[in-house]
Amino acid sequence: MRRRSFVAALVASAAAPRIARAHHGWRWTEGAEFTLEGVIREVRLGNPHGILTVEAADKAMWVVELGQPWRHAEAGLPEAELMPGVAITLEGHRSADPDELRMKAERVILAGVTYDLYPDRS
Amino acid sequence: MEHLLAAIEGSAFAESLRWSRWTYPFVNALHVVGLAALFGSILPLDLRMLGLFRSVPLAGLTQTLRPVAASGLALAVASGLALFSVRATEYAAMPLFRAKLALVAFGAANALLLTGPRIHAVRPGLLRLAGAASLLTWLAVIVAGRWLGYLD
């Protein structure tokens, strides 16, 4: 029995990093702050959460995870201004996987104005 | 099909759910309640079919657990449709989502084939097979469903 639970724990821990790469919370991201500057190419807003495709200066296409509508509303982020072609800067954390061009945004900078999606997180 | 998906996505219902603050997480919770009722009731049935708890008559178990499982499935399907509507086109294009639907259909068909009095006429070997299939299918449904939330 002990042996079996040990094996189960081993299997679970081996599977954990893959699961943790998921987009809920920050566990899949790198600890260091990350800034992405680019131009919005695609916009999907609304529940379960918003997603932007942003083209960086080096032409790389990034997937940026935003918040739910209520979070954007509380941050004062004008969702209507998130449109293809608009220049945008995003601060937050990128995926811990260096090959994955994906980040979770904590702050959105549009036309010089910073919108803090997570004011309780420093 | 594309028109239908676009119509679902553009419906007033999907639109309100998409921008809601409380309703979306609430519907999400209903989905969990539905699958908890389904799996929680079908698990003892499957285990009984696999040969555990033999002292408990199958008839009594099915009488109580079947309706609970069926109600749980109904709730999970209804809430699942609501969650689906928010990004219908996107979900419909996901292989994992299609696989999940196929698994749900298989699990439901497997359960229906064992409905009512027929269950007593089934050979023990076949009963075990059906129980194992049911258990594995619903586990796979849960894993697939959970995984969907982690894909783009």
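Up top you'll find the structure we're talking about.
Let us look at the structure shown here. (Residues numbered from 1 in each chain as written. Chains lettered and ligands numbered in written order. Predicted model: local features only at pLDDT ≥ 70, side-chain atom pairs only at ≥ 80, totals over all residues.)

Attention now goes to the overall build of chain B. From N to C terminus, chain B includes seven helices and zero strands. Listing every helix and strand of chain B by position from the N terminus yields α-α-α-α-α-α-α. With the C-alpha coordinates of chain B rotated into their principal frame, the extents come out at 50 × 30 × 25 Å. Relative to its 152 residues, chain B shows a buried fraction of 24%. Once local pairs closer than 6 in sequence are excluded, the contacts in chain B between residues at least 24 apart make up 82%. (Helix = DSSP H or I, 4+ residues; strand = E, 2+ residues; numbered from the N terminus. Buried ≥ 20, exposed ≤ 12 C-beta atoms within 10 Å, placed from the backbone. Contact = placed C-beta atoms within 7 Å.)

Looking now at the interface of chain B and chain A. Taken together, the contact between chain B and chain A spans nine residues of the former and eight residues of the latter. Looking at the side of chain B that touches chain A element by element, the count peaks at three residues for helix α2 (residues 12-19) of chain B. In the side of chain B that touches chain A, the residues fall into five nonpolar, one polar and three charged. (Nonpolar A, V, L, I, M, F, W, Y, C, P; charged D, E, K, R; others polar.)

Our focus in this paragraph is helix α4 (residues 58-86) of chain B. Residue and element names in this part refer to chain B. Taking 1.5 Å of rise per residue, 29 residues should cover 42 Å, and α4 covers 41 Å from first to last C-alpha, within 8% of that figure. Along α4, the sharpest kink reaches roughly 30°, centred on L65 and followed within four residues by the proline P67. Turning to α4, its buried residues are T62, A69, G72, L73, A76, S79, G80, L83, S85 and V86. (Expected span 1.5 Å × (residues − 1). Bend = angle between axes of the 7 residues up to and from the residue.)

With that out of the way, let us pick up the environment of L52 of chain A. All names here are of chain A. Position of L52 relative to the elements: it lies in strand β2 (residues 51-56). On the neighbour-count criterion, L52 (25 C-beta atoms within 10 Å) is buried. In this structure the C-alpha to C-alpha distance between L52 and W62, which are ten residues apart in sequence, comes to 8.0 Å. In this view, L52 contacts I40, E42, V43, V64, L66 and L82; residues no more than four positions away in its chain are not counted.

Residue and element names in this part refer to chain B. Mapped onto the secondary structure, L127 falls in helix α7 (residues 124-148). Judged by the 18 C-beta atoms lying within 10 Å of it, L127 is partly exposed. A sequence separation of 81 residues divides L127 from D46, and the C-alpha atoms of the two residues are 9.0 Å apart. Those residues in contact with L127 that sit more than four places away from it in its chain are M49 and V122.

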